Each structure stands twice: as C-alpha cells, then as structure tokens.
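# Chains, contacts and geometry: an overview
These are the residues of each chain, in order.
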Amino acid sequence: MAGTADIVIVGGGHGGAQAAIALRQHGFTGSILIVGREPDLPYERPPLSKGYLSGEKTFERLLLRPAAFWAERGIGLVLGRAGTHVDPAVKRLILSDGRVISYGTLIWATGGDPRRLTCDGADLAGVHAVRTRADVDRLVHELRGGARRAVIIGGGYIGLEAAAVLTKLDCSVVVLEAASRVLARVAGEVLSNFYEAEHRAHGVDLRTQASISHLFGTDGHVSGVCMEDGTVIPADLVIVGIGIEPSVAPLIAAGAEGTAHAGVRVNAQCMTSLPDIYAIGDCAAHENAFAGGEVMRLESVQNANDMAATVAQSLCGDARVYEATPWFWSNQYDLKLQTVGLSRGHDQAVLRGDPADRSFSVIYLRGGRVIAIDAVNRVKDYVQGRKLVELGAHVSPLRLTDVTAPLRDLLDDDVLVSAPPLDT
Ligand SMILES: Cc1cc2nc3c(=O)[nH]c(=O)nc-3n(C[C@H](O)[C@H](O)[C@H](O)COP(=O)(O)OP(=O)(O)OC[C@H]3O[C@@H](n4cnc5c(N)ncnc54)[C@H](O)[C@@H]3O)c2cc1C
C-alpha cells in the first residue's frame, strides 16, 4: 500500500496535532497526514496524571479537538500505526503495517517513551508508566479492582501528581526518589522541600536517596519492592515515573544528527540535519536561549505547541526561529505551581512570600539576572514576573522579596538591561 501527502506528521500528540492545526490556520492548502502510534484521536497528556487519573475528567474532555474537526480541515489521520523507517533520499516514510508514504515535508513529533527500570521484576504485571491513555486506563482498572497500596518510583512532577491523586483516592502511597530531594532536576531546594512536606502532610510515605534492589511478585503480578538495604515495601501496584527516552530511533537510523538518548538535533527553525525533515516537541534537542544556549530537550506543552507554530509559520512562507519563553505547570492537591523560564544554572534563589502560607514564589537568578520563577498558588507573580524573565532583569533580591510590591512595579528603568537574558 502506498500514499502521499505534502506534509506528513509523525506523532499525533501535542506537537503533531498543533502543527497540523497551525498549518491550516496559516493558510496551508496542501495535503496533511498525521501518523499516530496510539489508536486515539489527538488528546491532552497533562490530565493523565491529574483529572483523568482521578476520574474527574472523561477521555472525551481530553481531546484536543472534536472528532469532526480533522476531516473538516482536510487533515488525514492514520492512527494505531507507527512510522518505523525514513528514507530521506527518496522522501518516504514506512509505517509499521508496511505502508509507504511519500512526503514533501516530514515533521517528526513523536515525544518519548517512558524510561523503564532495569532491575528484576520490572516487567511484572501491575508495574505502570503514566504516558498514554492506555497506561492510565490500565492503572484505573487495577484501582477499581481494589488495588490500594501504591509505590511510586520517581519523585518528578508526574510521580508527585500521581501520588496526590492516589492519596485522594484513599490509597496508601510510598514515593521512592533516588536523589536527595524530589524535583531535583527541575527546581531549587526550597520548592523540593515544600513539596516533600506537603506530600508527607497528606500521608505519603516519601523516601529520598532510596535505592531499589528489585521488584517481586506473586503469580506474575507485582506484590512489592525490595530496597538495597533489604527493606521490603508491599505493593498492589507500582508506578514508574523516571523520565522518558525520546522516540527518535528511525530518524537517527536515517542519518539525522542526534542520539537515541539526547534526541534529534534541530536548528533554530526546528529543522533536523536531514532535508525537509523537522522535529518538534519532547524529542527535539535544540539550543535554548533561556538556558544560556545549552542544547536540551524540553518536555512541556508550551515547547511542543510553540515549536509546532514555528514550523507551521515557516512552511507557510513566514520563516521563524524558535525563541518562545518556557512555561510549565503542575497541579498537586490544591497547589497550582506555575513556572516561567528555566532555573537550571541559577546561582541564587530568592524566596518571595512564606511557604507556610502555601502561596509563595521562588525567583531564580544567574549573575544577578532573573532567569526563572516558580510560583505556587501565586498567579500574579507568574504573570507579572514573566517579563522580568524575558528581559533578564537585574533586580535586587531585597526588592524581589518584598511581597507588598507587585513584580510588575519592578519593571522600571533601573532593573531593565539592554542585553537579552540569554547571552550570558
Ligand atoms: C502524565 C503527564 C503529565 C504531564 N503534565 C504536564 C503539565 O502539567 N504541563 C506541561 O507543560 N507538560 C506536561 N506534560 C508533558 C507534555 O504532555 C509533553 O511535553 C507533550 O505532550 C509533548 O508533546 P509531543 O508532541 O512532543 O509528544 P506527545 O504528546 O507525547 O506525542 C507524541 C505522540 O507520538 C506517538 N509516537 C511515538 N513514536 C511514534 C512513531 N514512530 N510513529 C507514530 N507515532 C509515534 C506517541 O505515541 C504519541 O502519541 C505531561 C506529560 C505526561 C505524560
């Protein structure tokens, strides 16, 4: 079987769907085909560890667009099939069912696959990832079947969000984090300490510097986790939230610059090193100005959507570079965390407000300039502080700590600098 499309998008998640939507919004009239490995129409991923897991949101509410939208816009969908091989010389994509699709332009938007444990017992039934609707449906099925003792491996955002939901669902929850604090990869110590205390206050047994030896089971189903020190933690289910590996093997095999671990390398226009092939979203390793030009992958809806918009505009004749401000959110219990900028590489973290009030911000500085803000139940700081991050404003820490002065008011002449924040 063969097919052809002017633009073929591999991956029907946030980036892939948004690329197709944006192409039509910007007037692209050629043929567009999305190839998606999951059987479902494009849907929002963040609720998987929040409202969908808790049962507050149905799957229909997760759909990025109603079912009719795609046909109305002339966007073809091949679902339940993966793109497995790319032949850039003849501009062909081969699918998992053997179908061959010729493309004019290829947009690779495949996200990533959950990193797996390598210890014994990792493949037992009852060991879950939280990446797809199917993952969460399996998890919910076990909860409905009476599973109540949950062990969550990994204290990143997804693990902690799942912990908050499962606690609400009357599960006993143990979180095992290998590092000395949760969220170590993405946030400063103040935030980590705060979230650790919150989870413990909600009854979560949260253990840091936790070294797992293996998982064990009964009749092929997980029944516990054994730690390196011999401690045994009984479990009806285990969630593994230890990050993702970008899904880029076919592109790397086709000769694209990048690695299976670091992702496919893209330039400022999100182009890979292969002709007429772009990559966007979680799988795209790009130089991010907000990280001082460091080459990185960003795992966020913002990054997927904004990269999609960049590519769509470029393909519609309005060449763009990707330079969007990073932002992210996480919901745990009644806490809404909103992040703007990237805190990595900060040399100072200023606390604004009191964590005891459950409403505060942490403002990260590098070389005296504001590079990121984590705002917990403090929408105003998030909204008003964004400009400080974008401008790389020089503000004295004393002024940042003064909660009586809105961050908006700090945008006066003496804090603004002429150079952009990211050339440091
Ligand atoms: C549980 C969870 C909670 C999250 N919460 C937040 C949040 O609160 N805020 C936030 O900003 N971000 C959050 N994220 C991250 C955010 O969802 C991702 O950054 C975003 O989905 C990335 O979009 P993407 O298009 O790159 O990848 P995805 O949305 O993952 O889409 C990739 C799609 O491509 C498919 N695919 C993979 N390989 C192939 C192939 N070879 N052929 C065809 N299809 C393929 C995948 O199956 C998937 O459907 C969360 C993620 C998860 C999993």
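A quick note: this is a predicted structure, and the numbers were derived from the prediction, not measured.

## Some points on the overall build of the chain
A tally of regular secondary structure across the chain gives ten helices and 26 strands. Over its C-alpha trace the chain gives a radius of gyration of 22 Å, about what one expects of a compact globule, namely 22 Å for 424 residues. For the chain, the C-alpha atoms occupy an extent of roughly 70 × 60 × 35 Å along the three principal directions. Across the 424 residues that make up the chain, the buried fraction comes to 52%. Restricting the contact set of the chain to residue pairs at least 6 apart, pairs at least 24 apart contribute 58%. Surface exposure of the chain reaches about 17700 Å², of which carbon and sulfur atoms provide 52%. The distance from the centre of the 40 positive side-chain charges to the centre of the 49 negative ones in the chain is 4 Å.

## A closer look at the site of the ligand
Contacts to the ligand come from 33 residues, most closely from Gly15, Glu38, Lys50, Arg131 and Asp282. Between the ligand and glycine 15, the relevant distance is 2.7 Å, taken from an oxygen atom to a main-chain nitrogen or oxygen of the residue. Between the ligand and the protein, one listed contact pairs an oxygen atom with a side-chain N or O atom of lysine 50 at 2.6 Å. Relative to its free-state accessible area of 990 Å², the ligand is covered by the protein chains to the extent of 97%. Among the secondary structure elements, those contributing two or more residues to the shell around the ligand are helix H1 (14–25), strand S2 (32–36), helix H8 (301–315) and strand S22 (327–332). Of the residues belonging to the shell around the ligand, the class tally is twelve nonpolar, 13 polar and eight charged.

## Considerations on helix H5 (residues 157–168)
With twelve residues, H5 ought to run about 16 Å at 1.5 Å a step, and its terminal C-alpha atoms sit 17 Å apart, in line with that. Those residues of H5 that fall on the buried side of the exposure criterion are Tyr157, Gly159, Leu160, Glu161, Ala162, Ala163, Ala164, Val165, Leu166 and Thr167. Phi turns positive one or two residues past the end of H5, at aspartate 170, with a value near 65°.

## Some remarks on the sheet that holds strand S8 (residues 127–128)
Here five strands make up an open sheet; going across it, the order is S8-S15-S9-S10-S11 and the pairing parallel. Across the chains shown, the open sheet's two edge strands, defined by having one partner strand only, are S8 and strand S11 (205–207). Bridge count for strand S10 (residues 172–176) against S11 is three bridges, and the pairing is parallel. Opposite valine 174, over in S11, you have aspartate 205 as the bridge partner.

## Points about the nonpolar core
Judged by nonpolar contacts, the single largest core of 49 residues is most densely connected at Val8, Ile9, Val86, Leu93, Leu106, Trp108 and Ile280. Leaving out residues up to four positions away in the same chain, leucine 106 has contacts with Val8, Val10, Val86, Leu93, Asp276, Ile277 and Tyr278. The next biggest cluster of nonpolar side chains, apart from the first, holds 41 residues, and it includes Ile152, Val173, Val204 and Leu206.

## Focus on the sheet that holds strand S23 (residues 335–341)
Read across the open sheet, the five strands follow the order S22-S23-S26-S25-S24; overall the sheet is antiparallel. Unpaired on one side and paired on the other, S22 and strand S24 (348–354) mark the two borders of the sheet. Adjacent strand axes in the sheet meet at a mean angle of 15° when their direction is disregarded. The pairing of S22 with S23 spans six bridges and is classified as antiparallel. Its bridge partner being in S23, serine 330 is matched across the sheet by leucine 337. Across the face of the sheet, helix H6 (residues 189–201) comes into contact with S22, S23, S24, strand S25 (359–366) and strand S26 (369–376) while running at roughly 155° to S25. Strands in contact with helix H9 (residues 379–391) are S22, S23, S24, S25 and S26; relative to S26, the strand with the most contacts, it is inclined by about 165°.

## A closer look at H6
Relative to the 18 Å expected for 13 residues at 1.5 Å per residue, H6 spans 18 Å between its end C-alpha atoms, a close match to the ideal helical length. For H6, the full list of buried residues reads Leu191, Ser192, Phe194, Tyr195, Glu196, Glu198 and His199. Where H6 terminates, the next one or two residues include glycine 203, which has phi positive at roughly 95°.

## Some thoughts on the packing of aromatic side chains
Where two aromatic rings form a pair, the distance of their centres and the angle of their planes describe that pair. All told, the structure shown has eight aromatic pairs when counted by the stated rule. Ring centres of phenylalanine 194 and tyrosine 195 lie 5.3 Å apart, and the angle between their planes is 80°; this geometry places the pair in the edge-to-face category. Given the relative accessible area of 7%, phenylalanine 194 is considered buried. Since its relative accessible area comes to 1%, tyrosine 195 is described here as buried. Ring geometry for phenylalanine 328 against tryptophan 329: centres 6.5 Å apart, planes inclined by 35°, an arrangement best described as tilted.

## Re the confidence of the model for the chain
Overall, the prediction assigns the chain a mean pLDDT of 95, with 97% of residues at 70 or greater. Predicted confidence is poor over residues 417–424, with pLDDT under 50, and the contacts of this stretch with residues over four places away or in other chains come to 22 contacts.

## A look at the environment of leucine 251
Looking at the secondary structure, you find leucine 251 in helix H7 (residues 249–253). You can call leucine 251 buried: its relative accessible area is 0%. A sequence separation of 28 residues divides leucine 251 from alanine 279, and the C-alpha atoms of the two residues are 9.5 Å apart. Ignoring anything within four residues of it in the chain, the contact list for leucine 251 reads Val86, Trp108, Ala256, Val264, Thr272, Leu274 and Ile277.

## Regarding the side chain of serine 223
Within the element layout of this structure, serine 223 appears in strand S13 (residues 221–227). Polar contacts involving the side chain of serine 223 include one to the side chain of threonine 218, which spans 3.1 Å. Those residues in contact with serine 223 that sit more than four places away from it in its chain are Phe216, Gly217, Thr218, Ile233, Pro234 and Ala235.

Conventions we followed
Residues numbered from 1 in each chain as written. Predicted model: local features only at pLDDT ≥ 70, side-chain atom pairs only at ≥ 80, totals over all residues. Heavy atoms only, no water. Helix = DSSP H or I, 4+ residues; strand = E, 2+ residues; numbered from the N terminus. Rg over C-alpha atoms; globule rule 2.2 N^0.38 Å. Buried < 20%, exposed > 50% of the residue type's maximum accessible area, 1.4 Å probe, protein only. Contact = heavy atoms within 4.5 Å. Areas by Shrake-Rupley, 256 points an atom, 1.4 Å probe, with all protein chains shown as cover. Lys, Arg positive; Asp, Glu negative; His and termini not counted. Charge placed at Lys NZ, Arg CZ, Asp CG, Glu CD. Near = heavy atom within 4 Å. Polar contact = N/O pair within 3.5 Å; in protein donor to acceptor, adjacent residues only side chain to side chain. Nonpolar A, V, L, I, M, F, W, Y, C, P; charged D, E, K, R; others polar. Expected span 1.5 Å × (residues − 1). Pairing = 2+ DSSP bridges. Core = buried A, V, L, I, M, F, W, Y, C linked by side-chain atoms within 4.5 Å. Axes fitted to C-alpha atoms, helices over the stretch in contact; angles between N-to-C directions. Phe/Tyr/Trp six-rings, centres within 6.5 Å; stacked < 30°, edge-to-face > 60°. pLDDT = per-residue confidence, 0-100.

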